[in-house]
Amino acid sequence: MPRFDLSPAELAEYLPEVSEPADFDAFWQSTIAEARAAGGEVVVTAAESPFHTVDVFDVTFPGFAGDPVKAWLIVPRGIEGPLPAVVEYIGYGGGRGVIGEKLGWASAGYAHFVMDTRGQGSAWGTGGATADPHGSGAAFPGYMTRGIDDPESYYYRRVYTDAVRAIDAVRTLPGIDPARVSVAGASQGGGIAIAAAGLSDGLVAALPEVPFLCHFERAIGFTDRDPYNEVVRYLSVHRGAEQRVFETLSYFDGANLAKRATAATLFSVALMDFTCPPSTVYAAFNHYQGADKQIEVYPYNDHEGGQAVQFLRQAAFLAARV
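Participant: Describe the overall build of the protein chain, with residues and values.
Facilitator: Counting secondary structure elements, the protein chain contains 11 helices and 9 strands. Scaling as 2.2 N^0.38, a compact globule of 322 residues should have a C-alpha radius of gyration of about 20 Å, and the protein chain matches this with 18 Å. Here the C-alpha coordinates of the protein chain stretch approximately 55 × 40 × 35 Å along the principal axes. Counting over 322 residues, the protein chain shows a buried share of 56%. A gap of 1 Å separates the mean positions of the 23 positive and 38 negative side-chain charges of the protein chain.

Participant: Describe the side chain of Thr 248, listing the residues and the values that go with them.
Facilitator: Tracing the backbone shows Thr 248 in helix H8 (residues 242-250). For Thr 248, a relative accessible area of 1% corresponds to the buried category. A polar side-chain atom of Thr 248 sits 3.0 Å from the main-chain carbonyl oxygen of Ile 148. Beyond its immediate stretch of four places on either side in the chain, Thr 248 contacts Ile 148, Asp 149, Asp 150, Pro 151 and Tyr 154.

Participant: Go over the layout of surface pockets, please, and point to the residues and values.
Facilitator: Space inside the largest pocket adds up to approximately 650 Å³. Around the largest pocket sit 34 residues that line it, and Glu 88, Lys 102, Gly 185, Ala 186 and Glu 209 are the ones nearest its centre. Only strand E4 (83-89), helix H3 (104-107), strand E6 (176-186) and helix H11 (308-319) provide two or more residues apiece to the lining of the largest pocket. Taken together, the residues that form the lining of the largest pocket break down as 11 nonpolar, 17 polar and 6 charged. Quantified by volume, the second largest pocket comes out at close to 330 Å³. The wall of the second largest pocket is formed by 19 residues, among which Gln 29, Gly 198, Leu 199, Ser 200 and Asp 201 lie closest to the centre. Only helix H2 (24-37) and helix H5 (188-199) provide two or more residues apiece to the lining of the second largest pocket. Here the element with the most residues in the lining of the second largest pocket is H2; it accounts for 7 residues. Class assignment of the residues belonging to the lining of the second largest pocket gives a composition of 9 nonpolar, 5 polar and 5 charged.

Participant: Can you break down the pattern of salt bridges residue by residue, with the values?
Facilitator: What the rule picks out here adds up to 22 salt bridges. For Asp 132, the salt bridge is made with Arg 118, and the minimal N-O distance between the two is 3.1 Å. Here the residue Asp 132 occupies a position in the loop between strand E5 (111-115) and helix H4 (155-172), and Arg 118 occupies one in the loop between E5 and H4, the gap between them amounting to 14 residues. For the pair Asp 132 and Arg 118, one class covers both residues: buried.

Definitions and cut-offs
Residues numbered from 1 in each chain as written. Predicted model: local features only at pLDDT ≥ 70, side-chain atom pairs only at ≥ 80, totals over all residues. Heavy atoms only, no water. Helix = DSSP H or I, 4+ residues; strand = E, 2+ residues; numbered from the N terminus. Rg over C-alpha atoms; globule rule 2.2 N^0.38 Å. Buried < 20%, exposed > 50% of the residue type's maximum accessible area, 1.4 Å probe, protein only. Lys, Arg positive; Asp, Glu negative; His and termini not counted. Charge placed at Lys NZ, Arg CZ, Asp CG, Glu CD. Polar contact = N/O pair within 3.5 Å; in protein donor to acceptor, adjacent residues only side chain to side chain. Contact = heavy atoms within 4.5 Å. 1 Å grid on protein atoms, 1.4 Å probe; cavity = no way out; pocket = protein on both sides within 12 Å on 5 of 7 lines; lining within 4 Å. Points joined across faces, edges and corners; volume = space filled by probe spheres on them. Nonpolar A, V, L, I, M, F, W, Y, C, P; charged D, E, K, R; others polar. Salt bridge = Lys/Arg side-chain N within 4 Å of Asp/Glu carboxyl O.

Now the structure itself:
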């Protein structure tokens, strides 16, 4: 596919004005406070696995409204703690999967916490195990328009809150250093990682790969790929709803959340990415407030980005900071 977005030089300087509601911070402060006040326990159960170099635990922790959210905890066997931890969020439509799918971070000496995404896990991979018990109004099939009439009911309010509560949960676990927690994820997971970095204090690093959920005003209608195109199809039916829809989305825009993030960060972007256009990634990266920030650029890749190459670069980046 040909390059279709701004030139590399223009992308490096791209710092768009992104709509931000006046009560943005108050909205998120009250949302997170309510979730924490809902209480709930973190339950950790040893899981049987065929692996000899790691131990795997099935975790349930309280997320939005205290709802139970599933995760895997994978730790290197035989290494004395407390360990640094990486909390990973999953791409659109996927779930935490089955035991053993993700061994890289534990093999590198980290506690790896893989958060399930509520209501997802049935589009690819090996499934999820977390329901989303909250309903919504009319929506296009998918997740992008669920509850989009109001930021209070929007689907990603619950997901972003789960992401913050996952960090809270990890910091309570024995054998983990609460001062050395990082977040990571690709695509949707990358967007969630940016949100978690913007809404949580004291993280070591954020590692978003080809992140989704950034600069909605540009992405929607600029690319014809899902998931952004779900909003286009919703608006094609709900004519005249643009102002309300984009106002809701502004509370969840990675560019706005990046303005609140101060942890060291390593982004990645692919210049032939038609799913998450490069300019939308740079909108979040260039607004990111942390002084220690880098971006890996893959000029000839689509949404697959750097894959294993990026993991090696992330591992080197993180090792230098923990």
